[in-house]
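Summary of structural features
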Amino acid sequence: MGRLRLATAWLGGCSGCHMSFLDMDEFLLDLADLADLVFSPPLVDTKVYPEGVDLVLVEGAVCNAEHLALIRTIRRRTRLVVALGDCAVTGNVSAIRNVLGGASAVLGRSYLENCDPPGPIPSDPDLVPTLLDRVVPVHAVVDVDLFLPGCPPSGPTIRAVLEKVIAGEPVDPGTLGLHFGGYGRRSLELDGGPTRPEWPSRDRPTRKGRDDGRANPDRPGDPDRGPRQDQHPPER
Ligand code: SF4
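This section reports on the structure supplied with the text. It should be emphasised that the depicted structure is a prediction, and the values quoted were computed from it without experimental measurement. (Residues numbered from 1 in each chain as written. Predicted model: local features only at pLDDT ≥ 70, side-chain atom pairs only at ≥ 80, totals over all residues.)

Topic: the sheet that holds strand β5 (residues 78-84)
In space, the five strands of this open sheet follow the order β2-β1-β3-β5-β7, with parallel pairing throughout. Edge strands, defined here as strands with exactly one partner in the open sheet, are β2 (35-39) and β7 (146-148). Across this sheet, the average inter-strand angle for adjacent strands is 25°, counted without regard to direction. Alignment of strand β3 (residues 53-59) against β5, held across six bridges, turns out to be parallel. Considered in β5, the bridge of glutamate 59 is made with leucine 84. (Pairing = 2+ DSSP bridges. Helix = DSSP H or I, 4+ residues; strand = E, 2+ residues; numbered from the N terminus. Axes fitted to C-alpha atoms, helices over the stretch in contact; angles between N-to-C directions.)

Overview of the site of the ligand
With respect to spatial proximity, 13 residues lie near the ligand, and among them Gly13, Gly16, Gly85, Cys87 and Cys151 are the closest. When residues of the shell around the ligand are traced back to their parent elements, those giving at least two are α1 (16-22) and α4 (86-90). Partitioning the shell around the ligand into residue classes produces six nonpolar, five polar and two charged. (Near = placed C-beta within 6 Å. Nonpolar A, V, L, I, M, F, W, Y, C, P; charged D, E, K, R; others polar.)

Quick notes on the nonpolar core
Formed by 40 residues in total, the largest nonpolar core has its most connected members in Val56, Val58, Val82 and Ala83. Ignoring any residue separated from it by four or fewer positions in sequence, one finds valine 82 in contact with Leu55, Val56, Leu57, Val58, Asp145, Leu146 and Leu148. (Core = buried A, V, L, I, M, F, W, Y, C linked by C-beta atoms within 7 Å. Buried ≥ 20, exposed ≤ 12 C-beta atoms within 10 Å, placed from the backbone. Contact = placed C-beta atoms within 7 Å.)

The structure is reproduced here in structure tokens:
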């Protein structure tokens with residue numbers, strides 16, 4: 001395989017996942033020998049997402065029209081799309097605004113109710129991209145090849161995935177300790193192109209103590225775990 005054409009994308013996120021990418025420390029130097037970083041808003045001054053990207057790490061949820069257009073372009077031009085971090089995987093922090101209702105409710109809350117003096121609500125999409133009514137995770141819009149949960153995923157985890165992909169080896173997130181929301185058990189073969197198998201529910205990885213119906217005394221909140229260490233004893 002030639003040099004990897006690597007990209008990162010920044011949708012609705014805090015950039016913490018990109019900070020984890022930088023947290024790979026000295027491996028970034030190895031990566032520079034093996035890959036070309038062809039698009040990365042915090043790191044590379046390229047404005048247009050290029051064609052022929054091998055792998056992209058996508059941070060953040062899909063929150064506005066700009067994100068929507070970008071993630072669709074990314075999917076068309078990229079072999080492997082990786083949802084990087086909980087905002088990309090589930091919506092997470094970025095989706096908290098969904099509890100307020102649609103876009104107009106969110107804008108009203110921000111620019112009218114909690115603004116002194118109130119308004120105006122920005123209406124020029126060239127200045128502020130149009131908000132979607134609901135924040136959604138990446139896989140709600142496009143196919144995702146791999147989910148890397150975590151808020152943020154650790155630098156070593158990102159490194160482990162990149163090393164596998166660069167070596168042309170399958171990535172089994174189960175071996176990386178990535179189990180979150182039932183996602184994660186996908187097999188990637190860069191040379192063979194992205195695999196997007198249908199995922200029958202019977203093949204989904206189970207989380208011990210929940211999906212398989214058994215109790216897990218190690219997991220906080222499990223009914224059979226007993227009282228948490230930080231809980232006060234019940235009053236008598
Ligand atoms: S997953 Fe966490 S660190 Fe990553 S963008 Fe979302 S809030 Fe930030």
